[in-house]
Amino acid sequence: MADNILDRFKENTEETVIDTSRRMRVGIIGTGWIAEAHLESYRNQPDVEIVAGADLVEGKAEAFFEKFGMKEVKCYRSHAEMLDDESLHLDAVSICTYNRTHAECAIYALKKGVNVLLEKPMCVTLEEALEIRRAEKESGKVLSIGFQPRLDENMKMIKKIVESGKLGRVYYIQTGGGRRRGIPTPYGTSFIEDKTAGIGALGDIGCYSLDMVLNAIGYPKPLTVSGYKSAFFGTRPDYYPTHPEYAEKFEVDDFAAAFIRLEGDIVLDFRIAWAMNMDTPGDTIILGTEGGLRIPSTECWNGSVGGEMVLYQEVCGQQTETRIPIIGENNNNFGQLFDKKIRSFIDAIKNHTEAPVPSSQIIYNQAIIDGIFKSAEAGHEIEITIPEC
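The paragraphs below set out a description of the structure included in this document. (Residues numbered from 1 in each chain as written. Predicted model: local features only at pLDDT ≥ 70, side-chain atom pairs only at ≥ 80, totals over all residues. Heavy atoms only, no water.)

### With respect to the nonpolar core
- Formed by 92 residues in total, the largest nonpolar core has its most connected members in Val93, Ile132 and Ile158.
- Sort the elements by how many residues they give to this core and helix α8 (residues 201-216) lands first, with 10 residues.
- By size, the runner-up hydrophobic cluster in this structure holds 26 residues, among which are Tyr42, Ile50, Ile349 and Ala355. (Core = buried A, V, L, I, M, F, W, Y, C linked by side-chain atoms within 4.5 Å. Buried < 20%, exposed > 50% of the residue type's maximum accessible area, 1.4 Å probe, protein only. Helix = DSSP H or I, 4+ residues; strand = E, 2+ residues; numbered from the N terminus.)

### Focus: the packing of aromatic side chains
- The tally for this structure, following the rule as stated, stands at eight aromatic pairs.
- Between Tyr240 and Tyr246 the ring centres are 5.6 Å apart and the planes differ by 70°, which places this aromatic pair in the edge-to-face class.
- The class of Tyr240 is buried, set by a relative accessible area of 4%.
- On the accessibility criterion, Tyr246 (11% relative accessible area) is buried.
- Each ring, one from Phe250 and one from Trp274, has its centre 6.3 Å from the other, and the planes form 75°; the classification is edge-to-face. (Phe/Tyr/Trp six-rings, centres within 6.5 Å; stacked < 30°, edge-to-face > 60°.)

### Details of unusual backbone geometry
- Cis geometry is adopted by the peptide bond preceding Pro121, which originates at Lys120 and carries an omega value of -10°.
- Mapping Pro121 onto the fold places it in the loop between β5 (115-119) and α6 (126-139).
- Its identity is not glycine, yet Trp301 carries a phi of approximately 60°, on the positive side.
- Mapping Trp301 onto the fold places it in the loop between β12 (291-295) and β13 (309-315).
- One non-glycine residue with positive phi stands out, namely Cys316, at about 55°.
- Here Cys316 lies in the loop between β13 and β14 (318-324).

### Details of the layout of surface pockets
- When its volume is computed, the largest pocket comes out at roughly 910 Å³.
- The wall of the largest pocket is formed by 41 residues, among which Ile34, Cys96, Thr97, Tyr98 and Phe191 lie closest to the centre.
- The set of elements that each furnish at least two residues to the lining of the largest pocket consists of α2 (33-43), α5 (102-111) and α8.
- Of the residues forming the lining of the largest pocket, the biggest block, four residues, is contributed by α8.
- Classifying every residue of the lining of the largest pocket by side-chain character gives 19 nonpolar, 15 polar and seven charged. (1 Å grid on protein atoms, 1.4 Å probe; cavity = no way out; pocket = protein on both sides within 12 Å on 5 of 7 lines; lining within 4 Å. Points joined across faces, edges and corners; volume = space filled by probe spheres on them. Nonpolar A, V, L, I, M, F, W, Y, C, P; charged D, E, K, R; others polar.)

### Things to note about empty space enclosed by the protein
- Applying the stated criterion across every chain, the model contains one cavity of 30 Å³ or more.
- Of the pockets and cavities examined, the largest cavity occupies roughly 40 Å³.
- Surrounding the largest cavity, Leu117, Ser144, Ile145, Gly146, Phe147, Gln148, Leu151, Lys341, Ser344, Pro356 and Val357 form its lining.
- At the level of elements, β6 (143-146) and α10 (334-351) are the ones that each hand at least two residues to the lining of the largest cavity.
- Ranked by residues supplied to the lining of the largest cavity, first place goes to β6 with three residues.

Below is the structure:
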């Protein structure tokens, strides 16, 4: 019986032929560590040419491209300087800057008529997300947000199971994840200072967890949120044995939790951590009137699921469990997922199709993150209001 159920979710895949008669001209804004993944994936595409890069730190962009043997790439000290150079004839940019500058860079690029791949989180506040969305609509260009886990086949399976009706009507979701010790400071303090990050674990890995389940159930609109956030670990000097001074710079959340009401009478129980005295805050579970799905936890959902998923159902009065085998041994490979993210973005531009991860959905993700932050600051539940834009 398990084989019959799983067979329903199989799909045929055909190799796509890429038109290389014209190469897309791409620029990279921000040349930190995540930009390396963008660069490598762009170089794996036969119809893409990286022609420009920008970074606020003097000499950083030049050193970045020299490291990859790409001295011919033109370098600039700001996103505006690069985007104002019409001689580049840019088709697209990847925005790999600090969270706090996502909105500024994305809006400027869209207003210049350039397609945008914007790293996650979309931005810091809902107000910024609305401004980005307005600029996108006015420009008519492609704006895709960097949620590559969606392209993992196991993540796709979650959505297929929900859409198959095997769970019935979904009414409750528990999700989250996190690390026992994993505040991201190997590259300095840009993730933990308010002036650069704005939000901590919420925006860094919480957005992935939210996207996994919201995408599976069709991204219903969030209505209310009761949120909590804390910073018990990041503010401790003993957390950083070699850099105790980082504790004074820590200004964001290292843990957050929330209870969110969604349209369709669905409730979402969420928690995320950069650091905690626990191995996991729990698996993701999706409860429906006809079945339930358990998705083993990971540290941040930046890839695939944490192991075999289990589908719980009642069949002829018997309680059954169907194990969903992991699809593909290498499906959690970060580089492969990044290649898919870049490829889907380029294809959307060339084929004039919808962005692979559209802002119309991620604006709800951002509204929840923003709502958790504001509710935690207020100390009570708040309504989430998302104006039309």
